[in-house]
Amino acid sequence: MARLIWNKSDSPEDTVSFELGETSLVVGRDPKCGIFIDAPLLSREHARIDYREGAHVLVDLESTNFTKVNGERITERTLQNGDQVRFSRAVCLYEA
């Protein structure tokens, strides 16, 4: 199963893994989000991960501090295995 991995710090013990299925999940610092990331400068509802035609699609929700994939600012992007995803300062790895 695909997942999004957030390493909160340099320590392996600070790694959080979010399982991704076929349900859309909102990424943000609001605890009600399906992918809750408590990080500075993250919008309450920063982005959304949808499942379309067998792939996960990342959609920026007009966040203040942007969403980037592999260093490129995006509004929408189909994720590929190994992509580095940045929600403001929070860096995640997408594994398919």
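Refer to the preceding data block for the structure.
Description of the structure in this document. What you see is a predicted model; the values in this text were computed from it and never measured. Every chain's residues receive numbers from 1 upward, in the order its sequence appears when written. With the structure being a predicted model, the display of local features is reserved for residues of pLDDT at least 70 and the display and counting of side-chain atom pairs for 80 or more, all residues being used for whole-chain, interface and lining totals. Water and hydrogen atoms were dropped before computing side-chain values, which therefore reflect all heavy atoms in the structure.

### A few points about the overall build of the chain
No. 1: Where helices and strands are cited, they refer to DSSP runs of H or I of at least four residues and of E of at least two residues respectively, numbered from the N terminus. Scanning the chain for helices and strands turns up zero helices and eleven strands.
No. 2: Its helices and strands in sequence order give the chain the pattern β-β-β-β-β-β-β-β-β-β-β, from N to C terminus.
No. 3: What the globule rule says is 2.2 Å times the number of residues to the power 0.38, and the radius of gyration is computed from C-alpha atoms. Here the C-alpha radius of gyration of the chain, 12 Å, is about what a compact globule of 96 residues would show, namely 12 Å.
No. 4: Expressed as lengths along the three principal axes of its C-alpha atoms, the size of the chain is roughly 35 × 30 × 25 Å.
No. 5: The cut-offs for exposure are 20% and 50% of the maximum accessible area for each residue type, with area from a 1.4 Å probe on protein chains only; residues under the lower value are buried, those over the upper are exposed, and the others partly exposed. Buried residues in the chain amount to 38% of all 96 residues.
No. 6: Only heavy atoms matter for contacts: two residues are in contact if any of them lie within 4.5 Å across the pair. For the chain, restricting intrachain contacts to residue pairs at least 6 apart in sequence, the fraction spanning at least 24 positions comes to 27%.
No. 7: Every accessible area reported is derived by Shrake-Rupley at a probe size of 1.4 Å, with residue values counting cover from the shown protein chains alone. Summed over its atoms, the accessible surface of the chain is roughly 5700 Å², and 43% of this surface lies on carbon and sulfur atoms.
No. 8: Here the positive residues are Lys and Arg and the negative ones are Asp and Glu; neither His nor the chain ends is included. Lysine's charge is taken at NZ, arginine's at CZ, aspartate's at CG and glutamate's at CD. Charged side chains of the chain number 12 positive and 16 negative; the gap between the two group centres comes to 6 Å.

### Comments concerning the environment of Arg48
No. 1: With respect to the helices and strands, Arg48 occurs in strand β5 (residues 47-52).
No. 2: For the pair formed by Arg48 and Leu61, sequence separation is 13 residues and the distance between their alpha carbons is 6.9 Å.
No. 3: Not counting residues within four places of it along the chain, the set of residues in contact with Arg48 comprises Ser24, Leu25, Val26, Val57, Leu58, Val59 and Leu61.
No. 4: Under the rule applied, a polar contact is a pair of N or O atoms within 3.5 Å (in protein, one hydrogen donor and one hydrogen acceptor; residues adjacent in sequence only if both atoms are side-chain atoms). Side-chain polar atoms of Arg48 contact the side chain of Asp50, separated by 2.8 Å.

### Focus: the sheet that holds strand β1 (residues 2-7)
No. 1: Pairs of strands are assigned from DSSP output, requiring at least two bridges between the strands. The sheet built from six strands is open, its strands ordered β2-β1-β11-β10-β7-β8 with antiparallel pairing. Single-partner strands in this sheet number two, and they are β2 (15-20) and β8 (72-73).
No. 2: Strand direction decides the pairing type here: β1 and strand β11 (residues 90-95), joined by four bridges, are antiparallel. By the bridge assignment, Ile5 is partnered in β11 with Leu93.

### Here we look at the side chain of Ser63
No. 1: Relative to the helices and strands, Ser63 resides in the loop between β6 (55-60) and β7 (67-69).
No. 2: Within the structure, the side chain of Ser63 is placed 2.6 Å from the side chain of Asp60, a separation counted as a polar contact.
No. 3: Setting aside its immediate chain neighbours within four residues, Ser63 contacts Ser43 and His46.

### Topic: the pattern of salt bridges
Between side chains of opposite charge, a pair can form as their charged atoms come close.
No. 1: Between Lys or Arg on one side and Asp or Glu on the other, a salt bridge is scored when a side-chain nitrogen of the former is within 4 Å of a carboxyl oxygen of the latter. Tallying each qualifying case throughout the model produces five salt bridges.
No. 2: The residue Asp50 makes a salt bridge to Arg48 at a minimum N-O spacing of 2.8 Å.
No. 3: Take Asp50: its relative accessible area is 7%, and that puts it in the buried class.
No. 4: Through salt bridges with shared partners, one network takes in Arg48, Asp50, Arg52 and Glu76.

### Some remarks on the environment of Thr78
No. 1: As for its position among the elements, Thr78 is in strand β9 (residues 76-78).
No. 2: You can call Thr78 partly exposed: its relative accessible area is 36%.
No. 3: For Thr78 and Ser24, which are 54 residues apart along the polypeptide, the C-alpha to C-alpha distance reads 14 Å.
No. 4: Ignoring anything within four residues of it in the chain, the contact list for Thr78 reads Ala55, His56, Val57 and Asp83.

### With respect to the state of the cysteines
No. 1: Cysteine sulfur atoms that pair up within 2.5 Å are treated as a disulfide. The final tally for this structure, using the stated rule, is zero disulfides.
No. 2: Counting only cysteine sulfurs, Cys92 is the nearest neighbor of Cys33, a cysteine outside any disulfide, at a range of 13 Å.
No. 3: Since its relative accessible area comes to 2%, Cys92 is described here as buried.

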